Amino acid sequence: MARSDRPEIVCICGSTRFAREMQEVTRDLALAGAIVLAPVVFAPDEEREIGAEQKAALGVLHLRKIDLADRVLVVNPDGYLGESTRREIAHARATGTPVAFTEPV
């Protein structure tokens, strides 16, 4: 739960295929006064340059972002939840971080 002396910290989770939707949610939350922690999203040509080890390290880094958050907001158009997002949700729930979704699951 957010402390009253600082803005709420929200960690965005979701498939990077929804980068545009995550940017919109990030903007709306920031304009509402939240600190937003979001996944790193690469352009399609950049993604080919990211190795499996780097991708795994970014996944672990995102779990640490969840650890810092007051809550997680999953961006899931049409209810979509991929494997990585499901792992992030499980991590948040295991650590007691509240999880909400932009679409019904």
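It should be noted that the structure appears before, not after, this text.
Rules and cut-offs
Residues numbered from 1 in each chain as written. Predicted model: local features only at pLDDT ≥ 70, side-chain atom pairs only at ≥ 80, totals over all residues. Heavy atoms only, no water. Helix = DSSP H or I, 4+ residues; strand = E, 2+ residues; numbered from the N terminus. Polar contact = N/O pair within 3.5 Å; in protein donor to acceptor, adjacent residues only side chain to side chain. Axes fitted to C-alpha atoms, helices over the stretch in contact; angles between N-to-C directions. Left-handed = near helix turned anticlockwise from the far one by under 90°. Contact = heavy atoms within 4.5 Å. Nonpolar A, V, L, I, M, F, W, Y, C, P; charged D, E, K, R; others polar. Expected span 1.5 Å × (residues − 1). Buried < 20%, exposed > 50% of the residue type's maximum accessible area, 1.4 Å probe, protein only. Arc of directions from axis to C-beta. Disulfide = S-S within 2.5 Å.

Considering the environment of arginine 20
Mapping arginine 20 onto the fold places it in helix α1 (residues 19-31). With 25 residues separating them along the chain, arginine 20 and aspartate 45 place their C-alpha atoms 17 Å apart. Here the side chain of arginine 20 touches glutamate 21 through a polar contact of 3.3 Å, side chain to side chain.

Quick notes on the packing of helix α3 (residues 52-68) against helix α4 (residues 83-94)
At a minimum axis separation of 10 Å, α3 and α4 run at an interaxial angle of 35°. In terms of crossing hand, the pair formed by α3 and α4 is right-handed. Of the residues in α4, those in contact with His62, Leu63, Arg64, Ile66 and Asp67 of α3 are Glu88, His91 and Ala92. Grouping the constituent residues of the contact of α3 with α4 by class yields three nonpolar, two polar and three charged.

Section: α4
Taking 1.5 Å as the rise per residue, α4 with 12 residues should run 16 Å; its terminal C-alpha atoms sit 16 Å apart, in good agreement. All of the buried residues along α4 are Thr85, Glu88, Ile89, His91 and Ala92. Taken around the axis of α4, the buried residues stretch over an arc of 160°, which confines them to a single face. Those residues of α4 that are exposed and aimed more than 90 degrees away from the buried face are Glu83, Arg86, Arg93 and Ala94. Buried positions along α4 lie against β1 (9-13), α3, β3 (71-74) and β4 (99-101). Count one or two residues on from α4 and you reach glycine 96, which has phi positive near 80°.

Here's the deal with the side chain of histidine 91
Tracing the backbone shows histidine 91 in helix α4. Setting aside its immediate chain neighbours within four residues, histidine 91 contacts Leu63, Arg64, Ile66 and Asp67.

Overview of the state of the cysteines
Under the definition given, this model contains zero disulfides. Free cysteine cysteine 11: the closest other cysteine sulfur is in cysteine 13, separated by 4.3 Å. Residue classification places cysteine 13 among the buried positions, given a relative accessible area of 0%.

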